[in-house]
Amino acid sequence: MAAFLAKDRVQKQQDFLRGLMPRELFGRFRFLCRDGTVCNGAFLCFSESPDEVIDGCSTKCFVWKGTSPDEGLTDDYESRRGLLGQFEDALDFLKKALRLERRIGETGRSEEFEIPLDVLQEALANALVHRDYESRHESVEVNVFDDRVEVSSPGLLPPPLQISHISEIEDSHPRNPQIARIFYLSGYVERAGSGIRRMGTTLRRKGLPPPAFNETAGRFLRVVLKRPNRSSSAGQIAQAVAVPSLIVGREEELREIKSRLGVLGNKSETARIQILT
(Lines give C-alpha, C1' and ligand atoms only; values in the text may rest on other atoms or scores of the structure.)
Protein backbone atom coordinates (compact mmCIF):
# COMPACT_ATOMS: atom_id res chain seq x y z
CA MET A 1 0.00 0.00 0.00
CA ALA A 2 2.80 2.40 0.87
CA ALA A 3 4.60 1.66 -2.40
CA PHE A 4 1.40 2.36 -4.33
CA LEU A 5 0.81 5.69 -2.60
CA ALA A 6 4.41 6.70 -3.32
CA LYS A 7 4.02 6.36 -7.10
CA ASP A 8 4.28 9.56 -9.14
CA ARG A 9 1.03 8.98 -10.99
CA VAL A 10 -0.84 8.50 -7.70
CA GLN A 11 0.57 11.68 -6.17
CA LYS A 12 -0.40 13.73 -9.22
CA GLN A 13 -4.11 12.99 -8.70
CA GLN A 14 -6.46 15.54 -7.13
CA ASP A 15 -7.47 12.87 -4.60
CA PHE A 16 -3.95 12.82 -3.17
CA LEU A 17 -3.18 15.13 -0.25
CA ARG A 18 0.16 15.04 1.51
CA GLY A 19 0.13 14.49 5.24
CA LEU A 20 -2.90 12.18 5.29
CA MET A 21 -2.74 8.65 6.63
CA PRO A 22 -2.97 5.78 4.09
CA ARG A 23 -6.51 4.90 5.17
CA GLU A 24 -7.60 8.52 4.74
CA LEU A 25 -6.06 8.57 1.26
CA PHE A 26 -7.85 5.33 0.38
CA GLY A 27 -11.07 7.01 1.37
CA ARG A 28 -10.35 9.98 -0.89
CA PHE A 29 -9.57 7.61 -3.77
CA ARG A 30 -12.92 5.87 -3.10
CA PHE A 31 -11.25 2.58 -2.31
CA LEU A 32 -13.32 2.34 0.89
CA CYS A 33 -17.04 1.62 1.09
CA ARG A 34 -19.45 3.78 3.11
CA ASP A 35 -19.15 1.46 6.11
CA GLY A 36 -15.35 1.85 6.07
CA THR A 37 -14.54 -1.57 4.65
CA VAL A 38 -12.22 -1.94 1.66
CA CYS A 39 -14.08 -2.13 -1.65
CA ASN A 40 -13.88 -5.36 -3.64
CA GLY A 41 -11.58 -4.04 -6.38
CA ALA A 42 -9.10 -2.53 -3.96
CA PHE A 43 -9.22 -5.67 -1.80
CA LEU A 44 -8.33 -7.85 -4.79
CA CYS A 45 -5.44 -5.57 -5.74
CA PHE A 46 -3.88 -5.00 -2.31
CA SER A 47 -4.78 -8.08 -0.26
CA GLU A 48 -1.96 -10.47 0.57
CA SER A 49 -4.07 -13.51 -0.40
CA PRO A 50 -7.39 -12.61 -2.07
CA ASP A 51 -8.00 -16.25 -3.08
CA GLU A 52 -8.87 -16.97 0.55
CA VAL A 53 -12.04 -14.95 -0.02
CA ILE A 54 -12.62 -15.35 -3.77
CA ASP A 55 -11.89 -18.81 -5.18
CA GLY A 56 -9.64 -18.85 -8.23
CA CYS A 57 -8.19 -15.38 -7.66
CA SER A 58 -4.67 -16.42 -8.65
CA THR A 59 -2.40 -16.57 -11.69
CA LYS A 60 -0.95 -19.90 -12.79
CA CYS A 61 2.12 -19.97 -15.05
CA PHE A 62 3.43 -22.93 -17.05
CA VAL A 63 6.32 -23.67 -19.40
CA TRP A 64 5.76 -26.60 -21.77
CA LYS A 65 8.40 -28.66 -23.57
CA GLY A 66 7.05 -28.29 -27.11
CA THR A 67 4.04 -26.75 -28.82
CA SER A 68 1.38 -28.71 -26.88
CA PRO A 69 0.68 -29.64 -23.24
CA ASP A 70 0.84 -33.26 -24.38
CA GLU A 71 4.64 -32.95 -24.64
CA GLY A 72 5.12 -32.37 -20.93
CA LEU A 73 5.77 -29.63 -18.39
CA THR A 74 9.16 -28.13 -17.57
CA ASP A 75 8.27 -25.39 -15.07
CA ASP A 76 5.24 -23.99 -13.25
CA TYR A 77 4.39 -21.37 -10.66
CA GLU A 78 1.23 -20.02 -9.02
CA SER A 79 0.98 -16.49 -7.64
CA ARG A 80 -1.70 -16.00 -5.01
CA ARG A 81 -0.85 -12.45 -3.96
CA GLY A 82 -2.98 -9.41 -4.67
CA LEU A 83 -3.56 -8.58 -8.34
CA LEU A 84 -0.67 -6.11 -8.49
CA GLY A 85 1.61 -8.77 -7.04
CA GLN A 86 0.27 -11.38 -9.46
CA PHE A 87 1.07 -9.06 -12.34
CA GLU A 88 4.63 -8.62 -11.12
CA ASP A 89 5.12 -12.34 -10.41
CA ALA A 90 3.79 -13.43 -13.81
CA LEU A 91 5.98 -10.87 -15.57
CA ASP A 92 9.04 -12.14 -13.69
CA PHE A 93 8.12 -15.70 -14.67
CA LEU A 94 7.94 -14.72 -18.35
CA LYS A 95 11.29 -12.93 -18.15
CA LYS A 96 12.88 -16.15 -16.94
CA ALA A 97 11.08 -18.34 -19.49
CA LEU A 98 11.71 -16.24 -22.62
CA ARG A 99 14.97 -15.68 -24.45
CA LEU A 100 16.90 -12.47 -23.94
CA GLU A 101 18.45 -11.35 -27.22
CA ARG A 102 21.78 -9.56 -27.06
CA ARG A 103 22.71 -7.43 -30.03
CA ILE A 104 25.72 -5.30 -30.92
CA GLY A 105 25.03 -2.39 -33.21
CA GLU A 106 26.45 1.00 -34.09
CA THR A 107 25.24 2.43 -30.77
CA GLY A 108 26.75 -0.41 -28.73
CA ARG A 109 25.39 -3.47 -26.98
CA SER A 110 21.66 -3.81 -26.27
CA GLU A 111 19.41 -6.48 -24.81
CA GLU A 112 15.72 -7.10 -25.42
CA PHE A 113 13.30 -9.95 -24.84
CA GLU A 114 12.20 -11.97 -27.85
CA ILE A 115 8.65 -10.69 -27.22
CA PRO A 116 8.78 -6.99 -26.24
CA LEU A 117 8.27 -6.39 -22.54
CA ASP A 118 5.51 -3.81 -22.96
CA VAL A 119 3.49 -6.31 -25.03
CA LEU A 120 3.77 -8.91 -22.26
CA GLN A 121 2.78 -6.30 -19.67
CA GLU A 122 -0.31 -5.30 -21.66
CA ALA A 123 -1.42 -8.92 -22.11
CA LEU A 124 -1.03 -9.69 -18.39
CA ALA A 125 -2.70 -6.48 -17.23
CA ASN A 126 -5.66 -7.00 -19.56
CA ALA A 127 -6.16 -10.53 -18.24
CA LEU A 128 -6.14 -9.44 -14.60
CA VAL A 129 -8.12 -6.23 -15.02
CA HIS A 130 -10.90 -7.46 -17.31
CA ARG A 131 -11.45 -11.05 -16.13
CA ASP A 132 -14.76 -12.15 -14.59
CA TYR A 133 -14.37 -12.27 -10.79
CA GLU A 134 -18.08 -12.45 -9.95
CA SER A 135 -19.21 -15.73 -11.50
CA ARG A 136 -15.97 -17.52 -12.44
CA HIS A 137 -13.61 -19.31 -10.08
CA GLU A 138 -10.79 -20.33 -12.41
CA SER A 139 -7.34 -18.73 -12.40
CA VAL A 140 -5.70 -16.56 -15.02
CA GLU A 141 -3.30 -18.79 -16.95
CA VAL A 142 0.02 -18.00 -18.63
CA ASN A 143 1.27 -20.79 -20.92
CA VAL A 144 4.69 -20.65 -22.57
CA PHE A 145 5.22 -22.97 -25.54
CA ASP A 146 8.19 -23.28 -27.89
CA ASP A 147 6.43 -21.19 -30.55
CA ARG A 148 4.07 -18.93 -28.60
CA VAL A 149 2.88 -17.45 -25.32
CA GLU A 150 -0.80 -17.68 -24.35
CA VAL A 151 -2.49 -15.60 -21.66
CA SER A 152 -6.02 -16.73 -20.78
CA SER A 153 -8.54 -15.12 -18.44
CA PRO A 154 -11.94 -16.41 -17.25
CA GLY A 155 -14.89 -14.74 -18.92
CA LEU A 156 -15.67 -13.39 -22.35
CA LEU A 157 -15.43 -9.78 -23.53
CA PRO A 158 -17.82 -7.45 -21.68
CA PRO A 159 -20.55 -5.92 -23.84
CA PRO A 160 -20.64 -4.07 -26.17
CA LEU A 161 -17.24 -5.40 -27.25
CA GLN A 162 -17.00 -8.16 -29.84
CA ILE A 163 -14.03 -10.43 -30.52
CA SER A 164 -14.27 -9.80 -34.27
CA HIS A 165 -13.66 -6.07 -33.76
CA ILE A 166 -11.22 -6.19 -30.87
CA SER A 167 -8.36 -4.64 -32.89
CA GLU A 168 -10.56 -1.61 -33.63
CA ILE A 169 -11.27 -0.75 -29.98
CA GLU A 170 -10.58 2.91 -29.26
CA ASP A 171 -12.40 3.42 -25.96
CA SER A 172 -11.88 1.69 -22.64
CA HIS A 173 -14.67 -0.66 -21.48
CA PRO A 174 -13.41 -2.12 -18.19
CA ARG A 175 -15.46 -4.86 -16.57
CA ASN A 176 -13.87 -3.87 -13.25
CA PRO A 177 -13.44 -0.05 -13.23
CA GLN A 178 -11.80 0.18 -9.80
CA ILE A 179 -9.22 -2.49 -10.65
CA ALA A 180 -8.57 -0.73 -13.95
CA ARG A 181 -7.98 2.56 -12.13
CA ILE A 182 -5.57 0.97 -9.64
CA PHE A 183 -3.58 -0.63 -12.46
CA TYR A 184 -3.54 2.72 -14.26
CA LEU A 185 -2.33 4.57 -11.17
CA SER A 186 0.34 1.88 -10.71
CA GLY A 187 1.62 2.59 -14.23
CA TYR A 188 0.76 -0.89 -15.52
CA VAL A 189 -1.89 0.20 -18.07
CA GLU A 190 -2.96 3.35 -19.88
CA ARG A 191 -6.43 4.83 -19.67
CA ALA A 192 -6.86 5.64 -23.36
CA GLY A 193 -8.01 2.15 -24.39
CA SER A 194 -5.35 1.92 -27.11
CA GLY A 195 -3.35 -0.93 -25.57
CA ILE A 196 -4.26 -3.54 -28.17
CA ARG A 197 -3.28 -1.24 -31.03
CA ARG A 198 0.02 -0.46 -29.32
CA MET A 199 0.67 -4.18 -28.93
CA GLY A 200 0.21 -4.71 -32.67
CA THR A 201 2.44 -1.77 -33.58
CA THR A 202 5.23 -2.91 -31.27
CA LEU A 203 5.10 -6.50 -32.54
CA ARG A 204 5.20 -5.40 -36.18
CA ARG A 205 8.33 -3.33 -35.50
CA LYS A 206 9.86 -6.49 -34.07
CA GLY A 207 8.91 -8.47 -37.19
CA LEU A 208 6.27 -10.49 -35.34
CA PRO A 209 2.56 -10.95 -36.14
CA PRO A 210 -0.03 -8.97 -34.15
CA PRO A 211 -1.63 -10.59 -31.10
CA ALA A 212 -4.39 -13.09 -31.86
CA PHE A 213 -7.47 -13.01 -29.63
CA ASN A 214 -10.02 -15.80 -29.36
CA GLU A 215 -12.77 -16.98 -27.05
CA THR A 216 -12.48 -20.63 -26.07
CA ALA A 217 -15.24 -23.19 -25.65
CA GLY A 218 -14.71 -22.93 -21.90
CA ARG A 219 -15.56 -19.21 -22.07
CA PHE A 220 -12.02 -17.95 -21.60
CA LEU A 221 -10.60 -14.96 -23.43
CA ARG A 222 -7.17 -15.90 -24.77
CA VAL A 223 -4.45 -13.81 -26.38
CA VAL A 224 -1.72 -15.57 -28.36
CA LEU A 225 1.71 -13.97 -28.86
CA LYS A 226 4.00 -15.66 -31.38
CA ARG A 227 7.66 -16.20 -30.45
CA PRO A 228 10.40 -15.62 -33.04
CA ASN A 229 11.77 -18.67 -34.82
CA ARG A 230 14.47 -20.10 -32.56
CA SER A 231 17.01 -20.86 -35.32
CA SER A 232 16.80 -17.48 -37.02
CA SER A 233 16.93 -15.63 -33.71
CA ALA A 234 19.96 -17.63 -32.56
CA GLY A 235 21.67 -17.06 -35.91
CA GLN A 236 21.24 -13.32 -35.69
CA ILE A 237 22.64 -13.22 -32.17
CA ALA A 238 25.56 -15.50 -33.05
CA GLN A 239 26.44 -13.35 -36.05
CA ALA A 240 26.28 -10.18 -33.98
CA VAL A 241 28.49 -11.60 -31.22
CA ALA A 242 30.94 -13.58 -33.36
CA VAL A 243 32.32 -10.63 -35.33
CA PRO A 244 33.86 -8.80 -32.34
CA SER A 245 35.38 -12.08 -31.07
CA LEU A 246 37.45 -12.32 -34.29
CA ILE A 247 39.04 -8.96 -33.55
CA VAL A 248 40.53 -9.71 -30.14
CA GLY A 249 44.34 -10.06 -30.34
CA ARG A 250 44.53 -9.03 -34.03
CA GLU A 251 44.36 -5.27 -33.72
CA GLU A 252 47.73 -4.63 -35.45
CA GLU A 253 46.87 -6.93 -38.35
CA LEU A 254 43.51 -5.27 -38.79
CA ARG A 255 45.07 -1.78 -38.80
CA GLU A 256 47.40 -2.86 -41.63
CA ILE A 257 44.50 -4.35 -43.60
CA LYS A 258 42.47 -1.19 -43.05
CA SER A 259 45.39 0.93 -44.31
CA ARG A 260 45.76 -1.17 -47.47
CA LEU A 261 42.03 -1.14 -48.09
CA GLY A 262 42.08 2.63 -47.84
CA VAL A 263 44.65 2.86 -50.64
CA LEU A 264 42.85 0.32 -52.80
CA GLY A 265 39.57 2.02 -52.08
CA ASN A 266 40.91 5.36 -53.39
CA LYS A 267 42.28 3.71 -56.55
CA SER A 268 39.02 1.90 -57.16
CA GLU A 269 37.07 5.12 -56.75
CA THR A 270 39.36 6.90 -59.25
CA ALA A 271 38.95 4.08 -61.77
CA ARG A 272 35.18 4.13 -61.35
CA ILE A 273 35.05 7.87 -62.01
CA GLN A 274 37.17 7.48 -65.14
CA ILE A 275 34.88 4.78 -66.52
CA LEU A 276 31.78 6.86 -65.83
CA THR A 277 33.25 9.90 -67.58
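So, here's what we can say about the structure.

Thresholds applied
- Residues numbered from 1 in each chain as written.
- Predicted model: local features only at pLDDT ≥ 70, side-chain atom pairs only at ≥ 80, totals over all residues.
- Heavy atoms only, no water.
- Helix = DSSP H or I, 4+ residues; strand = E, 2+ residues; numbered from the N terminus.
- Buried < 20%, exposed > 50% of the residue type's maximum accessible area, 1.4 Å probe, protein only.
- Contact = heavy atoms within 4.5 Å.
- Areas by Shrake-Rupley, 256 points an atom, 1.4 Å probe, with all protein chains shown as cover.
- Pairing = 2+ DSSP bridges.
- Axes fitted to C-alpha atoms, helices over the stretch in contact; angles between N-to-C directions.
- Expected span 1.5 Å × (residues − 1).
- Parallel < 35°, antiparallel > 145°, perpendicular 65-115°, else oblique.
- Nonpolar A, V, L, I, M, F, W, Y, C, P; charged D, E, K, R; others polar.
- Polar contact = N/O pair within 3.5 Å; in protein donor to acceptor, adjacent residues only side chain to side chain.
- Phe/Tyr/Trp six-rings, centres within 6.5 Å; stacked < 30°, edge-to-face > 60°.
- Lys NZ or Arg CZ within 6 Å of the ring centre and 35° of its normal.
- Left-handed = near helix turned anticlockwise from the far one by under 90°.

1. Overview of the overall build of the protein chain
Inference 1: When helices and strands are tallied, the protein chain shows 10 helices and eight strands.
Inference 2: Here the protein chain, with 277 residues, has 40% of them falling under the buried criterion.
Inference 3: Here the contacts in the protein chain between residues at least 6 apart in sequence split such that 59% fall between residues at least 24 apart.
Inference 4: Accessible surface, the protein chain: about 16400 Å² in total, of which carbon and sulfur atoms supply 51%.

2. What to know about the sheet that holds strand β6 (residues 148-154)
To summarise the sheet geometry, strands pair through backbone hydrogen bonds and adopt either a parallel or an antiparallel arrangement.
Inference 1: The strand order β2-β1-β5-β6-β8-β7 describes an open sheet built from six strands, whose pairing is mixed. Since the sheet does not close on itself, it has two edges, and those belong to β2 (73-79) and β7 (212-215), each with one partner. With direction set aside, neighbouring strand axes in the sheet form an average angle of 15°.
Inference 2: With seven bridges joining them, β6 and strand β8 (residues 220-226) adopt antiparallel strand pairing. Residue pairing for β8: Ser 152 is matched across the bridge by Arg 222.

3. Notes on the pairing of strand β5 (residues 140-144)
Looking along a regular strand, one sees side chains alternate from face to face of the sheet.
Inference 1: The buried count for β5 comes to four of five residues, which makes it a mostly enclosed element.
Inference 2: With five bridges joining them, strand β1 (residues 59-64) and β5 adopt parallel strand pairing. Paired with Cys 61 across the bridge in β5 is Val 142.
Inference 3: Pairing between β5 and β6: four bridges, direction antiparallel.

4. Some details on helix α6 (residues 117-130)
Inference 1: The terminal C-alpha atoms of α6, which comprises 14 residues, lie 20 Å apart, in line with the 20 Å expected from a rise of 1.5 Å per residue.
Inference 2: Most of α6 sits inside the fold, with 10 of its 14 residues counted as buried.
Inference 3: Taken residue by residue, α6 has Val 119, Leu 120, Glu 122, Ala 123, Leu 124, Ala 125, Asn 126, Ala 127, Leu 128 and Val 129 as its buried positions.

5. Details of the packing of α6 against helix α7 (residues 177-185)
Inference 1: Where α6 contacts α7, the two axes come as close as 8 Å, and the packing angle between them is 150°. As judged from the angle between their axes, α6 and α7 are roughly antiparallel. Two secondary-structure elements touch here, α6 through Ala 125, Leu 128 and Val 129 and α7 through Ile 179, Ala 180 and Phe 183.
Inference 2: Looking at side-chain class alone, the contact of α6 with α7 contains six nonpolar, no polar and no charged residues.

6. With respect to the side chain of Arg 227
Inference 1: Looking at the secondary structure, you find Arg 227 in the loop between β8 and α9 (230-245).
Inference 2: A polar atom in the side chain of Arg 227 sits 2.7 Å from the side chain of Glu 114.

7. So, the packing of aromatic side chains
Inference 1: All chains considered together, the criterion is met by 11 aromatic pairs.
Inference 2: Ring centres 5.2 Å apart and planes at 85° place the aromatic pair Phe 26 and Phe 31 in the edge-to-face group.
Inference 3: With relative accessibility at 3%, the residue Phe 26 sits in the buried group.
Inference 4: Centroid distance Phe 87 to Phe 183: 6.0 Å. Interplanar angle 90°. Geometry classified as edge-to-face. With Phe 87 in helix α5 (residues 83-97) and Phe 183 in helix α7, this residue pair connects regions lying 96 residues apart in the sequence. Each member of the pair, Phe 87 together with Phe 183, is buried.
Inference 5: One aromatic cluster is present, built from ring pairs that chain together Phe 4, Phe 26, Phe 29, Phe 31 and Phe 46.
Inference 6: Between the NZ or CZ atom of Arg 9 and the centre of the ring of Tyr 184, over which it lies, the distance is 4.3 Å.

8. Focus: the packing of α5 against α6
Inference 1: It is at 10 Å that the axes of α5 and α6 come closest, and there the two elements cross at 140°. Judged by the sense of rotation from one axis to the other, the crossing of α5 with α6 is right-handed. Residue-level inspection shows Leu 83, Gln 86, Phe 87, Ala 90, Leu 91, Leu 94 and Lys 95 of α5 in contact with α6, the latter providing Leu 117, Leu 120, Gln 121, Leu 124, Ala 125 and Leu 128.

9. A few points about the side chain of Glu 114
Inference 1: Within the secondary structure, Glu 114 sits in the loop between β4 (108-113) and α6.
Inference 2: Take Glu 114: its relative accessible area is 0%, and that puts it in the buried class.
Inference 3: Each residue touching Glu 114, except ones within four places of it in the same chain, is listed here: Leu 98, Arg 99, Glu 101, Lys 206, Leu 208, Arg 227 and Pro 228.

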